[in-house]
Amino acid sequence: MVQKKKKPVVVATPQPAAGPKRRGRPRAYEPDVAIGQALALFRRGGFAATSLDDLSEVTGMNRPSLYGAFGDKRALYIKSYQRYRDDYTVRVTEIFKADIDIRERLRRFFDAALDIYLTGEEPRGCFTVMTVASDAIADPDIRELVYRGFADVDDAFGWCFRTALTRGEMPDTVDVAALSQMASAILFSLSIRARAGVLRTELNAIVKGAIALLCGPVR
């Protein structure tokens, strides 16, 4: 009787267990830096004209990483706008602390704003006025942020004028609320002119005239 040959038993070589698949890019980026890069892009093109591919390219992060770190494009846009406002606050904080008269305080306030409006290879004006205000039309949350931004500027100017009153630099008859809104309107007008390419020397001349108008005769 012929015995059948047994087939050799093949023992499978154990393979190393596969680790979990990575999603997106490892967190090797700085969130603050990425928001700053996104802010520069949004200031140039606005919300609608800025694509996720644009944001991915400028930040060096792929889409899954962007979503994981900041949420969707709208959320990143709002974070970028908040960053813009925070940066502005940092720039003007020292102006409020300084022991200076109303004319010098306003001059420094307007000057700090012009520094922001004219930063970069091409002037971009105020992010609130030139870009975010347009996007606020269709988005109630962004609209609320814009409204709050305008109110903050009014409040900042209001503090300047109230401080001048307590120091006896302006007559008691001045309407602080009206002056504050007028100063804000001048500030936003400077933003539009800066975006249109008006030279810094011309903008400085407007500031000089605006301060004389707002403060009245030297006391």
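Reference entry: report on the structure contained in this document. Here the residue numbers are simple positions, counted from 1 along each chain's written sequence. In keeping with the model being predicted, local features are shown solely for residues with a pLDDT of at least 70 and side-chain atom pairs are shown and tallied solely at 80 or more, while totals for entire chains, interfaces and linings include all residues. Each side-chain value is derived from all of the structure's non-hydrogen atoms; neither hydrogens nor water enter the calculation.

What follows covers the overall build of the protein chain. If you tally the helices and strands in the protein chain, you get nine helices and zero strands. Counting from the amino terminus, helix and strand elements in the protein chain follow one another as α-α-α-α-α-α-α-α-α. Residue burial is assigned from relative accessible area. The probe radius is 1.4 Å, only protein chains are included, and a residue is buried under 20% of its type maximum, exposed over 50%, and partly exposed in between. Taking all 219 residues of the protein chain together, 37% fall into the buried category. Across the protein chain, the fraction of contacts at a sequence separation of at least 24, relative to all contacts at a separation of at least 6, is 70%. Areas reported here follow the Shrake-Rupley algorithm with a probe of radius 1.4 Å; residue values treat only the protein chains shown as occluding. Accessible area for the protein chain stands at about 13500 Å²; split by element, carbon and sulfur atoms hold 55% of it. For helices the rule is a DSSP run of H or I covering at least 4 residues; for strands it is a run of E covering at least 2, with both sets numbered from the N terminus onward. Two residues form a contact once any of their heavy atoms are found within 4.5 Å.

Now for the packing of helix H5 (residues 102–117) against helix H7 (residues 140–166). Taken N-terminus to C-terminus, the directions of H5 and H7 make an angle of 165 degrees; their axes are 10 Å apart at the nearest point. Accordingly, the angle class assigned to the pair H5 and H7 is roughly antiparallel. Crossing geometry of H5 relative to H7 is assigned as right-handed. Each of Ile102, Arg105, Leu106, Phe109 and Phe110 in H5 lies in contact with H7, whose residues at this interface are Ala156, Phe157, Trp159, Cys160, Phe161, Thr163 and Ala164. Broken down by class, the residue content of the contact of H5 with H7 amounts to ten nonpolar, one polar and one charged. Axes here refer to lines fitted to C-alpha atoms; in helices the fit is confined to the stretch in contact. Angles between the N-to-C directions go from 0 to 180 degrees. Geometric relationships in this document are graded by angle, where less than 35 degrees denotes roughly parallel, more than 145 denotes roughly antiparallel, 65 to 115 denotes roughly perpendicular, and other angles denote oblique. In this scheme the crossing of two helices becomes right-handed for a clockwise turn of the near helix relative to the far one and left-handed for an anticlockwise turn of less than a right angle. Polarity classes work like this: nonpolar for Ala, Val, Leu, Ile, Met, Phe, Trp, Tyr, Cys and Pro, charged for Asp, Glu, Lys and Arg, and polar for all others, with Gly in that last group.

Buried residues of nine kinds, namely Ala, Val, Leu, Ile, Met, Phe, Trp, Tyr and Cys, make up a nonpolar core once their side-chain atoms join them within 4.5 Å. Within the largest apolar cluster, 56 residues are counted, with the highest numbers of intra-cluster contacts made by Leu106, Phe110, Tyr117, Phe157, Phe161 and Leu187. In contact with Phe110, not counting residues within four places along its chain, are Phe157, Ala183, Ile186, Leu187, Leu190, Val207, Ile211 and Leu214.

A separate point is the environment of Ser184. Counting through the fold element by element, Ser184 comes out in helix H8 (residues 176–195). The class of Ser184 is buried, set by a relative accessible area of 2%. Taking the C-alpha atoms as reference points, Ser184 and Asp152, 32 residues apart in sequence, are found 9.9 Å from one another. Beyond its immediate chain neighbours, meaning those up to four positions away, Ser184 contacts Val153, Asp154 and Phe157.

For the pair H5 and H8, interaxial distance at closest approach is 10 Å and the crossing angle is 30 degrees. As summarised for this structure, H5 and H8 are arranged roughly parallel, according to the angle between their axes. As H5 runs across H8, the sense of the crossing is right-handed. Only Ala183, Ile186, Leu187, Leu190, Ser191 and Ala194 of H8 make contact with H5, whose side of the interface consists of Phe109, Phe110, Ala113, Leu114 and Tyr117. Across the contact of H5 with H8, the residue classes tally to ten nonpolar, one polar and no charged.

A few words on the pattern of salt bridges. When a carboxyl oxygen of Asp or Glu lies within 4 Å of a side-chain nitrogen of Lys or Arg, that pair is called a salt bridge. In total, this model carries twelve salt bridges according to the counting rule given. Each of the salt bridges in this network shares a partner with another, and the network as a whole consists of Arg74, Asp139 and Asp141.

Moving on, we come to H8. The first and last C-alpha atoms of H8 sit 29 Å apart over 20 residues, in line with the 28 Å expected at 1.5 Å per residue. In the core, the buried residues of H8 are packed alongside helix H4 (73–97), H5, helix H6 (127–135), H7 and helix H9 (200–215). Backbone geometry just after H8 places Gly197 at a positive phi near 95 degrees. Helix span is expected to be 1.5 Å times the residue number reduced by one.

Note that all results are geometric; they support no functional claim without further evidence.
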